[in-house]
Amino acid sequence: MTSLADIPFSLLELASVPQGFTVAQTLASMLDYAQHADTLGFNRFWLAEHHNMEGVASSATAVLIGQVAARTQRLRVGSGGIMLPNHPPLIVAEQFGTLDALYPGRIDLGLGRAPGTDPLTSRAMRRDDMRAEHFPQEVEELQTLLGADGAHKRVKAYPGANSAVEIWLLGSSLFSAQLAAERGLPYAFAGHFAPRLAREAIALYRHRFQPSATLQKPHVILCLPLIAAASDDEARFLATSSQQRIMALMQGQPLYLPPPVESMEGIWNPQIKAQVDAFLALSVTGGAASIKSKLQALVSQIPADELMFTNDIFDREKRLQALQILMDAKS
């Protein structure tokens, strides 16, 4: 049985704005959070790209990656992910090549093919709706731009060519799992919002993986929602913030992170509760002993090489404490 001590732990960050806080306060808190994670020994710190989502402040993803990398020493910092149909591959290669030049050997480029927003905002970004259909070709173009071959093209990424940027494919379905396997790339599955296909997608990736110059054997990250606290009861209380926020997402409302409540009764109905519970089906919630037990059971069922966690806790101090509780589960 795989030991938790042997599995790297990482973090996914959306720069969620708590109710009553400003974007500036949120980003300052996020940087403190990243520094704390660096001190505790987390492996990666990824930021997600979203647009026109009031309450989610990670839209300028590459900018935030640079800020986090500048304030940390050991963490690998990257995107979870850059939504490639929103950006020309050359621009992505130049941005991440620049980040790699500033923070060599520490930059990850996770790529997704979803828009990270709604159709109206996609059009506002002058996005071609058909570009998602060309995702495999654009991934290949980006690999060339960031690789040794990119230095010999007439159009080259400078900075970017010959860089050490690590490219990952991200997914919440089987498409990216298969593409990552065919290309011999590392793969990250979004179990924090798409738990239903986690087992199938990871099994497909491992079964079809083809070794490449980039990667000789499959490497998969499973991302999970985390609510860790001093006790199971406190964790259940803190988890109501995330439950309210997912409910707001489903209802098309702003996504500010609300304070926890003693009970969700009267806030949701049985149908919404079932939908939120399904969304958070892989959530790891509890005190230290429960976190350890749940994680050990999960990795015995889903063979992940690395675990990545979201951490939607309203109280900033308790959010920091959750990281220590999580790392204690490894021992």
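Residues numbered from 1 in each chain as written. Predicted model: local features only at pLDDT ≥ 70, side-chain atom pairs only at ≥ 80, totals over all residues. Heavy atoms only, no water.

### Focus on the environment of Ile 91
- Examined against the element boundaries, Ile 91 turns out to sit in helix 3 (residues 89-102).
- It is 13 Å that separates the C-alpha atoms of Ile 91 and Val 139, two residues lying 48 residues apart in sequence. (Helix = DSSP H or I, 4+ residues; strand = E, 2+ residues; numbered from the N terminus.)

### A closer look at helix 7 (residues 198-208)
- Among the residues of helix 7, Ala 198, Ala 201, Ile 202, Leu 204 and Tyr 205 are the ones counted as buried. One side of helix 7 carries all its buried residues, which in axial view fall inside an arc of 155°. (Buried < 20%, exposed > 50% of the residue type's maximum accessible area, 1.4 Å probe, protein only. Arc of directions from axis to C-beta.)

### Side note on the packing of aromatic side chains
- Throughout the structure, instances matching the rule amount to six aromatic pairs.
- Taken together, a centroid distance of 5.3 Å and an interplanar angle of 35° make the contact between Tyr 187 and Tyr 205 tilted. With Tyr 187 in strand 6 (residues 187-189) and Tyr 205 in helix 7, this residue pair connects regions lying 18 residues apart in the sequence. Note on accessibility: Tyr 187 and Tyr 205 belong to one class, buried.
- When the centroid spacing of 5.7 Å and the interplanar angle of 70° are considered together, the rings of Tyr 205 and Phe 209 count as edge-to-face. (Phe/Tyr/Trp six-rings, centres within 6.5 Å; stacked < 30°, edge-to-face > 60°.)

### Structural notes on the packing of helix 8 (residues 232-250) against helix 9 (residues 270-279)
- Closest axis-to-axis distance for the helix 8/helix 9 pair is 10 Å, and the angle between their directions is 110°. Viewed along their axes, helix 8 and helix 9 adopt a mutual orientation that is roughly perpendicular. Here Gln 243, Ile 246, Met 247, Leu 249 and Met 250 of helix 8 come into contact with helix 9, specifically with Ile 272, Gln 275, Val 276 and Phe 279.
- Residue composition of the contact of helix 8 with helix 9, by class: seven nonpolar, two polar and no charged. (Axes fitted to C-alpha atoms, helices over the stretch in contact; angles between N-to-C directions. Parallel < 35°, antiparallel > 145°, perpendicular 65-115°, else oblique. Contact = heavy atoms within 4.5 Å. Nonpolar A, V, L, I, M, F, W, Y, C, P; charged D, E, K, R; others polar.)

### Notes on the layout of surface pockets
- The calculated volume of the largest pocket comes to roughly 1,100 Å³.
- Along its surface, the largest pocket is lined by 47 residues, and Leu 14, Ala 190, His 192, Phe 193 and Phe 279 are the ones closest to its centre.
- Elements that contribute at least two residues to the lining of the largest pocket include exactly strand 3 (76-83), strand 5 (166-171), strand 6, strand 7 (220-228), helix 8, helix 9 and strand 9 (306-310).
- It is helix 8 that contributes the most residues to the lining of the largest pocket, seven residues altogether. (1 Å grid on protein atoms, 1.4 Å probe; cavity = no way out; pocket = protein on both sides within 12 Å on 5 of 7 lines; lining within 4 Å. Points joined across faces, edges and corners; volume = space filled by probe spheres on them.)

### Concerning the packing of helix 1 (residues 23-40) against helix 11 (residues 316-328)
- Look at helix 1 against helix 11: their axes get within 10 Å of each other, and the N-to-C directions meet at 20°. One finds that helix 1 runs roughly parallel with respect to helix 11. Judged by the twist between their axes, the crossing of helix 1 over helix 11 is right-handed. Residues Ser 29, Tyr 33, His 36, Ala 37 and Leu 40 of helix 1 lie in contact with helix 11, whose contacting residues are Arg 316, Arg 319, Leu 320, Leu 323, Gln 324 and Met 327.
- Its residues assigned to classes, the contact of helix 1 with helix 11 shows six nonpolar, three polar and two charged. (Left-handed = near helix turned anticlockwise from the far one by under 90°.)

### With respect to the side chain of Arg 76
- In this fold, Arg 76 is placed in strand 3.
- Among residues more than four places away in sequence, those in contact with Arg 76 are Asn 43, Arg 44, Phe 45, Gly 105, Arg 106, Ile 107, Asp 108, Ala 164 and Glu 166.

### A closer look at the nonpolar core
- Ranked by internal contacts, the top residues of the largest apolar core, which has 84 residues, are Phe 96, Leu 109, Leu 111, Leu 222, Leu 295 and Leu 307.
- Contacts of Leu 111, omitting those with residues within four sequence positions, involve Ile 82, Leu 84, Phe 135, Val 139, Leu 142, Ile 167, Trp 168, Leu 169 and Leu 170.
- Counting residues in hydrophobic clusters, the runner-up holds 13 residues, among them Leu 12, Trp 46, Cys 223 and Leu 255. (Core = buried A, V, L, I, M, F, W, Y, C linked by side-chain atoms within 4.5 Å.)

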